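# A look at the structure
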Amino acid sequence: QGLINRANAIGYVYTVPVDIDYVSSTGDLSIVDKTFDFCLSSHCVDHQPDLIYHLNQVARILTATGRYLLIIPDKRYCSDHFIAESSIADFIGARGNKVHTAKSVIEHIALATHNDPVRHWTGDHGVPRFRHNLSSVSVAMSQYDTSAGAYIDVHAWQFTPQSFRSGIEVLSNLGLIGLEVEQVYATPHNTFEFCAILKRRLA
């Protein structure tokens, strides 16, 4: 019911299509006490305050031959266009984060641009929001300062297919996550998302 209320509050007419067994307001998978052959994530991984923790929680709930199937925004063709790609230093630096940083909130609110993939593919990226509305920076700062440590739903990570593959490979090779890359697909023309498959890392 909480999910329906939230959807209605932001203008979506929403009905629950399937039974929901677990609900976490922060996206923390530690409440899940079963294992699965597949875990599907659509535009979710980029919202995780602590990417390493999230990936290890997914690894924990997958069977030995399980797969993590992801649909991920490509920063080049969405509202994140002007925000830098996330790096291995960013991932490691975010360990222990339960909520998003002020940086992520400001980027999401003030540094974002339009979200029309067709325009991005033609080279029309617009401008970051703060360039024509400087008050968006103040709005972001105020939202963060008044959140009192509560979760604010913003993007924490900006990926392209190549940077996602590279980042996961480094985290896996360092032994920081229990997953490894099976496949990362190119972003289809005139869209703003790509798909990837991760699998349990061999011991």
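Note: the structure precedes this text.
Structural notes, computed from the coordinates. Not measured: the values here are computed from a predicted model.

Attention now moves to the overall build of the protein. Scanning the protein from N- to C-terminus turns up eight helices and four strands. Taken from N to C terminus, the helices and strands of the protein fall in the order α-β-α-β-α-α-α-α-α-α-β-β. Judged by the C-alpha coordinates and their principal axes, the protein covers about 50 × 40 × 35 Å. Per-residue burial for the protein yields a buried fraction of 38% across its 203 residues. At a minimum sequence separation of 6, the contacts of the protein that also span at least 24 residues come to 72%. Per element, the accessible surface of the protein, about 11,100 Å² overall, is 55% carbon and sulfur. Charge-centre separation for the protein: the mean point of 16 positive side chains lies 4 Å from the mean point of 20 negative side chains.

As enumerated under the stated definition, the model contains five salt bridges in all. When the shortest N-O distance is used, the salt bridge between Asp74 and Arg76 registers 2.6 Å. For Arg76, a relative accessible area of 34% puts it in the partly exposed group. Note that Lys103 and Glu107 form a salt bridge whose closest N and O atoms lie 2.8 Å from each other. Taken as a pair, Lys103 and Glu107 lie in helix H4 (residues 102-111) at a separation of four residues, close to a single helical turn. Exposure remark for Glu107: the relative accessible area of 10% places this residue in the buried category.

Bringing the packing of aromatic side chains into the picture now. Across all of its chains, the model carries five aromatic pairs by this definition. Pairing Tyr77 with Trp121 gives two aromatic rings, centres 4.1 Å apart and planes at 10 degrees, and the pair type is stacked. One end of the pair, Tyr77, is in the loop between strand E2 (62-73) and helix H3 (88-93); the other, Trp121, is in helix H5 (residues 117-121), and 44 residues separate them in sequence. Taken together, the aromatic side chains of Phe91, Trp157, Phe159, Phe164 and Phe194 make up a single cluster linked through ring pairs. Here the guanidinium or amino end of Lys98 rests over the ring plane of Tyr53, the centre of that ring lying 5.0 Å away.

Side-chain positions along a regular strand alternate between the two faces of the sheet. Pairing analysis gives six bridges linking strand E1 (residues 36-42) to E2, with the strands arranged parallel. Each residue of the ladder has a partner; that of Cys39, found in E2, is Tyr68. A crossover links E1 with its parallel partner E2, the connecting element being helix H2 (residues 51-61), and its sense is right-handed.

This next bit is on the nonpolar core. Counting residues in each nonpolar core, the largest one holds 29 residues, and the members touching the most others are Leu55, Tyr68, Phe164, Leu179 and Leu198. Element by element, the count of residues in this core is highest for H2, at six residues. Excluding its chain neighbours within four sequence positions, the residues that come into contact with Leu198 are Leu55, Gly66, Arg67, Tyr68, Leu70, Phe164, Ile168, Leu179, Glu180, Val181 and Glu182.

This part covers the sheet that holds strand E4 (residues 193-200). Backbone-to-backbone hydrogen bonds pair the strands of a sheet. The strands run either parallel or antiparallel. In space, the four strands of this open sheet follow the order E1-E2-E4-E3, with mixed pairing throughout. One side of each edge strand has no neighbouring strand; the edge strands of this open sheet are E1 and strand E3 (179-184). Pairwise comparison of adjacent strand axes, ignoring direction, gives a mean angle of 25 degrees for this sheet. Relative to E4, E2 runs antiparallel, the two sharing seven bridges. Each bridged residue has a counterpart across the sheet, and for Tyr68 the counterpart in E4 is Leu198. Seen against the sheet, H2 touches E1, E2, E3 and E4 and runs at an angle of roughly 140 degrees to E2. Contacts from helix H8 (residues 161-173) reach E2, E3 and E4, with the element oriented near 155 degrees to E3.

Conventions and cut-offs
Residues numbered from 1 in each chain as written. Predicted model: local features only at pLDDT ≥ 70, side-chain atom pairs only at ≥ 80, totals over all residues. Heavy atoms only, no water. Helix = DSSP H or I, 4+ residues; strand = E, 2+ residues; numbered from the N terminus. Buried < 20%, exposed > 50% of the residue type's maximum accessible area, 1.4 Å probe, protein only. Contact = heavy atoms within 4.5 Å. Areas by Shrake-Rupley, 256 points an atom, 1.4 Å probe, with all protein chains shown as cover. Lys, Arg positive; Asp, Glu negative; His and termini not counted. Charge placed at Lys NZ, Arg CZ, Asp CG, Glu CD. Salt bridge = Lys/Arg side-chain N within 4 Å of Asp/Glu carboxyl O. Phe/Tyr/Trp six-rings, centres within 6.5 Å; stacked < 30°, edge-to-face > 60°. Lys NZ or Arg CZ within 6 Å of the ring centre and 35° of its normal. Pairing = 2+ DSSP bridges. Right-handed = clockwise from strand over helix to strand, strands pointing away. Core = buried A, V, L, I, M, F, W, Y, C linked by side-chain atoms within 4.5 Å. Axes fitted to C-alpha atoms, helices over the stretch in contact; angles between N-to-C directions.

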